[in-house]
Structures are given as C-alpha cells and as structure tokens.
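# Observations on the model geometry
Here's the letter readout for the chains.
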Amino acid sequence: MNIVVLLSVVASLMWSVRATAAGCDFSNQSLSFAGDEITQARCLLRPVMKGGSLGARLNPLPPPFEHFIGQPVGITPDEFLALLKQLDIAPNALGGAVTQPLSQSSAPGHPQARYFVIHDTSLNVCTDTGQFARSEDADASWNRASRWANDANAHLYITRDGKLVAPQGRIFSVPWRATKLEANAGPNSRGLFLHVENVQLRIAELKPGDAAMVNGDCRNDRIAQTPGLSDAQMQKLALTYIAASVRAKKWLIPAYHAAIDDGISNGHDDPQHFDLTRWGTVICSYLDRMGKACS
Ligand SMILES: [Zn+2]
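Quick look at the structure, then. Just so it is clear, the structure is predicted and the values come from calculations on it, not from any experiment.

## Comments concerning the coordination of the zinc ion
Binding of the zinc ion to the protein goes through H119 (ND1), H257 (ND1) and D270 (OD), at separations of 2.0 to 2.2 Å. Here the donor residues of the zinc ion share one chain and are spaced in sequence as H-x137-H-x12-D. Of this pair, H257 sits in helix α9 (residues 257–260) while D270 sits in the loop between α9 and α10 (276–289), and the two are 13 residues apart along the sequence. By the burial criterion, H257 is buried, and D270 matches it.

As structure tokens, this is what we get:
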C-alpha cells in the first residue's frame, strides 16, 4: 500500500467516526457532539452572524440554560398541560402529545432525541424591505398555515404571528432529518434532532452597482429582519422547547442550524438575529407561571 492509498484509508476511517472534523465534532459512535451536554450547548449556541459565520462560545450561557441543560426537567405532563390550558393552546399543538416519547435513533439502544434545533426560513423578499413592516400580519402569505402545511423540512413551523403548523402532519415522535450533518452522519443520526422552523424574512445584500436579480434569481438573502423572531414566535418556541424537554424528562440541548453544520461546505446561515438571552427570559416566565424556579 503506497502512502497516498494509506492516507486515503486513514482519512475514510476518520470520516466514519467523525461526520465533520470542524464545528462541534459530531461522533458517529457516541451519536453526540464533543463534551458533556453543557459543553455541547455552548458550541451549538454560538451566535450566528451574517453569512453564517459563528461568534465565540458563550461561557456561561444565559439563564436558564447554563444550569438546566442536561438536568431533570422537574415538570410533569399534567403541570405543563395545565399551563397550555391557561394559554388556550391545544394540548398537541407543540409537536404532538406531551405524554408521548420523542423520536428515537435506530442505533443500538435506540437513543432518544437530544437536540432541539432552531431554524429560520430565510424567506427571501429580495429588495422589498417594506415587507418587514408587515411581517407579523396574520394575513401575510408567509403567516398562513397553508404556506407551510406540506413542507418537508421540519417537525414544526412557527409563523411570525405565532401560528403552529405541523408540516405534513409531522410531530416530534417522527424521526426526521433537516441538516447536512445528519445527511453526512448516516441513518443512525435520524431521530436525534428535533427541527423547528421560524418564519423570517430576508432581503439581498447589494454592493453599489449590483443588480438585485441575476438570471431571474435574487442575488442573495444575507440581510435578515430585526428582531429575528417576533415576540409571538419567541413565546411559542419557548413553550415548544419546554414541551419537548418534558417529553425527554430532561432539558434538551438547544442548537442553531448553522452551528450544527459548521465545518460542512455550503452550510446554512440560520437562525439570524436570534436573541438567546431574550428566549431564556421567556422560558423562565413560563416556568414562573408553573411555580418552578429558573436557576
Ligand atoms: Zn435551517
């Protein structure tokens, strides 16, 4: 065996263990990223900047994440269902019944879902910045449930006015993949990730003299609206995270899509303008309503 062949064999063996050498270092053997749960969360929650570049790890993570992730959730399904009733939210609207187990991998031991993946839809309105101002209108096309009802890319869509849409009827008990890392890592990764898409509008970033359209397509979708998620989305996303964690019986690891695919070419740039501190505050407000401490 010459050195070139040897190196290529070693490289392919390494690839079989590590889906990506960069990023948060997913292992196809442990079916997790490197480190304990809080270490993984710090890597997977690096702020996502324009174009998908990632900021530094947050150490510590804002409340309640630093002390909660990986720990027992301490909320019974009945306690959570009582909160949903107060909020007039249907008991199965947040990814299915809170008494039902989450999706599982087909790997030995059938590990249950571990990662709560936050996406944005990067819905491109190209140069039409006026759409940002009406992005939360209930009758805007992107806020109609029918716009996402047959989408194949996630377990749940949250529109900017807070509608919850189960695409193709999918719920969190259905193993589903929606990132490049899962595709690269092979079939055992299916079922470990829960995917929540949040509707967000984008426009193109143009340099002086650029035409917005190139061959009939918008040049890019690099500029996201601010805030990245509306208040209604933050609230529904918080409840969805609590619901999934109640089902897991421990606080899941939240993760940004861009951080999951970090190190894989042509990775995504979502979610943009996601305020983790604000999301944590909203989660804590619901814990407070259930009489639970947030630290
Ligand atoms: Zn995504």
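## A closer look at helix α8 (residues 231–248)
Compared with an ideal rise of 1.5 Å per residue, which puts 18 residues at 26 Å, α8 spans 26 Å between its outermost C-alpha atoms and is within 8% of the ideal. Most of α8 is tucked away, with 15 of its 18 residues classed as buried. Looking one or two residues beyond α8, the residue adopting positive phi is K249, at roughly 70 degrees.

## With respect to the packing of α8 against α10
Across the interface, α8 lies against α10 with an axial gap of 9 Å and an inter-helix angle of 60 degrees. On the basis of the axis angle, α8 is oblique to α10. Regarding α8 and α10, the two cross each other, and that crossing is right-handed. Counted together, D231, M234, Q235, L237, A238, L239, Y241 and I242 of α8 and R278, W279, V282, I283 and Y286 of α10 form the full contact between these two elements.

## Focus: the pattern of salt bridges
Tallied over the full model, the rule gives 12 salt bridges. Linking R46 and D262 is a salt bridge whose minimum nitrogen-to-oxygen distance equals 3.2 Å. Here R46, found in the loop between α2 (37–44) and α3 (65–68), pairs with D262, found in the loop between α9 and α10; they are 216 residues apart in sequence, far enough to count as distant. Salt bridges sharing common partners tie together K50, E205 and R222.

## Quick notes on the state of the cysteines
All told, the structure shown has 3 disulfides when counted by the stated rule. The disulfide bridge from C24 ends at C43, spanning 2.0 Å between sulfur atoms. Looking along the S-S bond of the C24-C43 disulfide, the torsion reads about -90 degrees, which is the left-handed sense. With C24 in the loop between α1 (3–17) and α2 and C43 in helix α2, this pair connects stretches of sequence that are 19 residues apart.

## Here we look at the pairing of strand β1 (residues 115–120)
Among the 6 residues of β1, 6 are classified as buried, and the element is accordingly described as predominantly covered. Burial of β1 is two-sided: the residues Y115, V117 and H119 facing one way and the residues F116, I118 and D120 facing the other way are all buried. Inspection of the sheet shows β1 paired to strand β5 (residues 193–198) by 6 bridges, in the parallel sense. Each bridged residue has a counterpart across the sheet, and for Y115 the counterpart in β5 is F193.

## A few points about the packing of aromatic side chains
Tallied over the full model, the rule gives 15 aromatic pairs. Both rings, one in F26 and one in F193, keep their centres 6.1 Å apart while their planes meet at 45 degrees; by these two values the pair is tilted. In this pair, F26 sits in the loop between α1 and α2 while F193 sits in strand β5, placing the two residues 167 residues apart along the sequence. Relative accessible area serves as the criterion here: at 0%, F26 is assigned to the buried category. Seen from their ring centres, F65 and Y241 are 6.3 Å apart, and the 55 degrees between their planes marks the pair as tilted. Note that F65 is positioned in helix α3 and Y241 in helix α8, a separation of 176 residues in sequence. Of the residues examined, F65 reaches a relative accessible area of 1% and is grouped as buried. Aromatic rings pair up to connect F65, F68, F116, Y241, W251, Y256, F274 and W279 into one cluster. For R147, the ring lying beneath its charged end belongs to W148, and the centroid distance is 4.2 Å.

What counts, and where the lines are drawn
Residues numbered from 1 in each chain as written. Predicted model: local features only at pLDDT ≥ 70, side-chain atom pairs only at ≥ 80, totals over all residues. Heavy atoms only, no water. Donors = N, O, S within 2.8 Å, 3.2 Å for Na, K, Ca; no water. Helix = DSSP H or I, 4+ residues; strand = E, 2+ residues; numbered from the N terminus. Buried < 20%, exposed > 50% of the residue type's maximum accessible area, 1.4 Å probe, protein only. Expected span 1.5 Å × (residues − 1). Axes fitted to C-alpha atoms, helices over the stretch in contact; angles between N-to-C directions. Parallel < 35°, antiparallel > 145°, perpendicular 65-115°, else oblique. Left-handed = near helix turned anticlockwise from the far one by under 90°. Contact = heavy atoms within 4.5 Å. Salt bridge = Lys/Arg side-chain N within 4 Å of Asp/Glu carboxyl O. Disulfide = S-S within 2.5 Å. Pairing = 2+ DSSP bridges. Phe/Tyr/Trp six-rings, centres within 6.5 Å; stacked < 30°, edge-to-face > 60°. Lys NZ or Arg CZ within 6 Å of the ring centre and 35° of its normal.

Everything listed is a geometric property; what it means functionally is a separate question.
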